[in-house]
Amino acid sequence: GENVEQHPSTLSVQEGDSAVIKCTYSDSASNYFPWYKQELGKGPQLIIDIRSNVGEKKDQRIAVTLNKTAKHFSLHITETQPEDSAVYFCAASTGTASKLTFGTGTRLQVTL
Amino acid sequence: DTAVSQTPKYLVTQMGNDKSIKCEQNLGHDTMYWYKQDSKKFLKIMFSYNNKELIINETVPNRFSPKSPDKAHLNLHINSLELGDSAVYFCASSPTPPGTSGVYYNEQFFGPGTRLTVL
């Protein structure tokens, strides 16, 4: 089955700096890669996703890149703000299965 | 106007008891899921239902039994609770059923979670 690895497990940045979280996946059939943000006491919230026919996608301060050859995808957050502090999860899914396989999460702390 | 809702938010119970968690979505989605998040924050799927039919059943003990009375509801019943069942349980839903013709993208929306504590 699919295996998703995520790094780093914790990340501390100063406000205004950029943050990068990286994931690798094992199943070459995976074609959908969402990123979720989980704030304390809440459920994961979808913040951005990318499909396998696209190499990069951007939404304001958030961008995701996908390298299908290397089976890597990354989340980039620019101009970080304290409200970006949360746990971020990457995930992968194949087109013929309904389950998402999640990475182990990255706790992002944005300090003033 | 909550999209995916769960009740209760907190559940504290004794070992050996039976309990249920309810989930409802008002997004008109066809597929619903139950996930378990352990103390290390690892998220793992347990079950998935498409239009009231079970389509995914991961390696979950038989003590866990999902029930979907209609496609907007997916409840989770747990028998003979054990200490290791303590976790946060999340319900989720997605708009597109699996196995449809063409490419399927699995965009899922999560509920707020139910924190289960077994004493």
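Shown above is the structure to which this text applies.
Predicted model, so just to flag it, every value in this text is computed and none were measured.

Draft legend 1. How the structure looks around the nonpolar core. Membership of the largest hydrophobic core comes to 24 residues, with the highest contact counts inside it found for Trp 35, Phe 73, Leu 75, Tyr 88 and Leu 108 of chain A. Every element with two or more residues in this core is listed here: strand 2 (10-14), strand 3 (19-25), strand 4 (30-38), strand 5 (45-51), strand 7 (62-67), strand 8 (72-77), strand 9 (86-94) and strand 11 (106-111) of chain A. Counting 20 residues, the second-largest nonpolar core is a separate cluster that includes Val 4, Leu 11, Leu 74 and Leu 81 of chain B.

Draft legend 2. Expanded view of the state of the cysteines. All told, the structure shown has two disulfides over all chains when counted by the stated rule. Each sulfur in the disulfide pair Cys 23 of chain A and Cys 90 of chain A lies 1.9 Å from the other. Classification of the bridge connecting Cys 23 of chain A and Cys 90 of chain A rests on its S-S torsion, roughly -100 degrees, and on that basis the disulfide is left-handed. Here the residue Cys 23 of chain A occupies a position in strand 3, and Cys 90 of chain A occupies one in strand 9, the gap between them amounting to 67 residues. You'll find Cys 23 of chain A and Cys 90 of chain A in the same group, each marked buried. Disulfide pairing is shown between Cys 23 of chain B and Cys 91 of chain B; the S-S distance is 1.8 Å. Residues Cys 23 of chain B and Cys 91 of chain B are joined by a disulfide whose S-S torsion is about -75 degrees; by sign, that bridge is left-handed. Pair noted here: Cys 23 of chain B is in strand 3 (residues 19-25) and Cys 91 of chain B is in strand 9 (residues 87-94), with a separation of 68 residues, a long-range link.

Draft legend 3. Spatial organisation of the sheet that holds strand 3 of chain A. Residues and elements named next belong to chain A. Taken in spatial order, the five strands make up an open sheet running 1-3-8-7-6, and their pairing is antiparallel. Strands at the two margins of the open sheet, each flanked by one partner only, are strand 1 (4-7) and strand 6 (56-59). The mean inter-strand angle of the sheet, taken between neighbouring strand axes irrespective of direction, is 15 degrees. Strand direction decides the pairing type here: strand 7 and strand 8, joined by six bridges, are antiparallel.

How each quantity is defined
Residues numbered from 1 in each chain as written. Chains lettered and ligands numbered in written order. Predicted model: local features only at pLDDT ≥ 70, side-chain atom pairs only at ≥ 80, totals over all residues. Heavy atoms only, no water. Core = buried A, V, L, I, M, F, W, Y, C linked by side-chain atoms within 4.5 Å. Buried < 20%, exposed > 50% of the residue type's maximum accessible area, 1.4 Å probe, protein only. Helix = DSSP H or I, 4+ residues; strand = E, 2+ residues; numbered from the N terminus. Disulfide = S-S within 2.5 Å. Pairing = 2+ DSSP bridges. Axes fitted to C-alpha atoms, helices over the stretch in contact; angles between N-to-C directions.

So yeah, pure geometry; function would need other evidence.
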